[in-house]
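Observations on the three-dimensional arrangement
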Amino acid sequence: MGKILIRGARVLGGEPQDVLIDGGTIAAVGAGLSAEGAEVVEAEGKVLLPGLVDLHTHLREPGREDSETVLTGTRAAASGGFTAVFAMANTFPVADTAGVVEQVYRLGQEHGYCDVQPIGAVTVGLEGKKLAELGAMHESAAGVTVFSDDGKCVDDAVIMRRALEYVKAFGGVVAQHAQEPRLTEGAQMNEGVVSAELGLGGWPAVAEESVIARDVLLAEHVGSRVHICHLSTAGSVEIIRWAKSRGIDVTAEVTPHHLLLTDELVRTYNPVYKVNPPLRTERDVLALREALADGTIDIVATDHAPHPHEDKDCEWAAAAMGMVGLETALSVVQETMVDTGLLDWATVADRMSFAPARIGRATGHGRPVSAGEPANLTLVDTAYRGSVDPAGFASRSRNTPYEGRELPGRVTHTWLRGKATLVDGKLA
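I will try to describe carefully the structure that is included in this document. (Residues numbered from 1 in each chain as written. Predicted model: local features only at pLDDT ≥ 70, side-chain atom pairs only at ≥ 80, totals over all residues. Heavy atoms only, no water.)

Across the sheet, 5 strands lie side by side as 9-10-13-14-15; this open sheet has parallel pairing. Across the chains shown, the open sheet's two edge strands, defined by having one partner strand only, are strand 9 (146-147) and strand 15 (299-300). Here strand 14 (residues 250-254) runs beside strand 15; their pairing, made up of 2 bridges, is parallel. The partner of valine 254 across the bridge, within strand 15, is valine 300. (Pairing = 2+ DSSP bridges. Helix = DSSP H or I, 4+ residues; strand = E, 2+ residues; numbered from the N terminus.)

So, on to the nonpolar core. Counting 75 residues, the largest nonpolar core has Leu231, Leu330 and Met352 as the members making the most contacts within it. Examining the composition of this core, we find that 6 residues originate from one element, helix 6 (residues 206-222), more than from any other. Setting aside chain neighbours within four positions, we find leucine 330 in contact with Leu49, Leu52, Trp345, Val348, Met352, Val380 and Val411. In terms of nonpolar packing, the next biggest core, distinct from the first, is built from 19 residues, Leu260, Val266, Leu279 and Val332 among them. (Core = buried A, V, L, I, M, F, W, Y, C linked by side-chain atoms within 4.5 Å. Buried < 20%, exposed > 50% of the residue type's maximum accessible area, 1.4 Å probe, protein only. Contact = heavy atoms within 4.5 Å.)

A complete count under the given rule lists 19 salt bridges for this structure. With its nearest N and O atoms 2.9 Å apart, the salt bridge here joins aspartate 66 to arginine 64. Judged by its relative accessible area of 26%, arginine 64 falls in the partly exposed class. Arginine 246 is the partner of glutamate 220 in a salt bridge, and the nearest nitrogen-oxygen pair spans 3.0 Å. Of this pair, glutamate 220 sits in helix 6 while arginine 246 is found in the loop between helix 7 (234-245) and strand 14, placing the two residues 26 residues apart along the sequence. Accessibility expressed as a relative area gives 33% for glutamate 220, which makes it partly exposed. (Salt bridge = Lys/Arg side-chain N within 4 Å of Asp/Glu carboxyl O.)

Below, the discussion takes up the environment of alanine 329. By the element assignment, alanine 329 lies in helix 11 (residues 329-338). The sequence separation of alanine 329 and valine 300 amounts to 29 residues, and the corresponding C-alpha distance is 8.5 Å.

Further remarks concern unusual backbone geometry. Cis geometry marks the peptide bond from glutamate 61 to proline 62; its omega dihedral reads 10°. Put simply, phenylalanine 92 and proline 93 share a cis peptide bond, and its omega is 5°. For proline 93, the location among the structural elements is in the loop between strand 7 (82-87) and helix 2 (98-111). Phi angles above zero are rare outside glycine, and leucine 126 is one such case at about 60°. Position of leucine 126 among the secondary structure elements: in the loop between strand 8 (115-118) and helix 3 (134-139). For leucine 126, a relative accessible area of 9% puts it in the buried group. Although it is not a glycine, aspartate 424 adopts a positive phi angle of roughly 50°. You can see aspartate 424 is positioned in the loop between strand 18 (419-423) and strand 19 (426-427).

A word on helix 9 (residues 282-294). Between its first and last C-alpha, helix 9 extends 19 Å over 13 residues, near the 18 Å set by a 1.5 Å rise per residue. Those residues of helix 9 hidden inside the fold are in contact with helix 7, strand 14, helix 8 (256-260), strand 15, helix 11 and helix 12 (345-360). Positive phi shows up at glycine 295, right after helix 9, with a value of about 90°. (Expected span 1.5 Å × (residues − 1).)

With respect to the element layout, aspartate 298 can be found in the loop between helix 9 and strand 15. A polar contact is formed between the side chain of aspartate 298 and the side chain of lysine 244, at a distance of 2.8 Å. From its side chain, aspartate 298 meets the backbone nitrogen of alanine 252 in a polar contact 2.9 Å long. Leaving out residues up to four positions away in the same chain, aspartate 298 has contacts with Lys244, Val250, Thr251, Ala252, Asp350, Arg351, Ala355 and Ile359. (Polar contact = N/O pair within 3.5 Å; in protein donor to acceptor, adjacent residues only side chain to side chain.)

Moving on, we get to the sheet that holds strand 6 (residues 52-57). As summarised here, the arrangement of the 3 strands in space is 6-7-8, forming an open sheet in which the pairing is parallel. Among the strands making up the open sheet, the edge pair consists of strand 6 and strand 8. Ignoring strand direction, the axes of neighbouring strands in this sheet form an average angle of 20°. Judged from the 4 bridges that link them, strand 6 and strand 7 form a sheet pairing that is parallel. Of the residues in strand 7, the one forming a bridge with aspartate 54 is valine 85. On top of the sheet, helix 2 reaches strand 7 and strand 8; it is set at about 175° to strand 8, its chief contact. (Axes fitted to C-alpha atoms, helices over the stretch in contact; angles between N-to-C directions.)

Structural data, given as structure tokens:
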């Protein structure tokens, strides 16, 4: 890798500066840097951010390579400006042993489009009955620090308490999929006016909120860290806000789609809008935006959930839950948070890079754009506005809720330790 000069970029949305990359490191940041011996990237008007970090990605490999692979998923990540992703454990076989997490970790190293940090399962087979090999996964080459049964809730309070106690010993965190299973049996969408009118099984907000309330109290009792996945209701926001006011060590995430879309879209019966947790009401969306802005919600995480065509192109009741999100995440955040004046780009960098890297202990990521730091960077053309065309996605799957929708912003370049993975919007 030679030298690269990024000329005239607005670092974190600030005044234009030049950024010189030499090898895998940022060599200098300032005005009028020499371009001698360097490849020049003209970045006037564009925003330069630290490489994005996604704490919640489904890469599907091993076992569901028809949906996604580590290769295609990391290519999608690079296209969206991400330099590190955390891969969820609901693979086949489940990532509940040191052997499986090491396999995922090594696949990430081989493909090189972004760093892949596996998330280990909390319980064996995601069955919620017996703790998985948490210590062995942490001590493996993958160095797992985040554990989750995402896709399923750790609904047994005793198992959840034991998991929190176990990970406390090495500074790990349990990421909970908050869904009380008995309250969501047969649920198809958010419980409310729309579900009643459509005659679809309702998914009540309390099914999420009751689990969060229990788990923040367990975390307080144990003195451990808990992270709440994909917050979706106004009530959940209030519980997290209360817990933080008590000093409980809780963090929370929101997905881009829960910042933009509402349950009114389910009236189309288009299964692309079927997701877990479900799309909620406009009131919930506004509460989530406010909470992300004020820091009650710590991060944006994509919950990138790829599915093959046949699993989504069917009747609503039979369709799989989930949406792809890596390649549109930053655009949706710009639409909902930046262009509305709720966040500036420096705070976007916190919510999508600094904070998720800190929560997941992603070494070398979420670092300042300054001399001596790893050159994990993302360049964004914030003035761009265009229609989403999933045919151009790098992901193997196309189940996006934004097809044909106009969104702002486009990632033009991504660098992983100084190596370009995306150049002028095309994968390197």
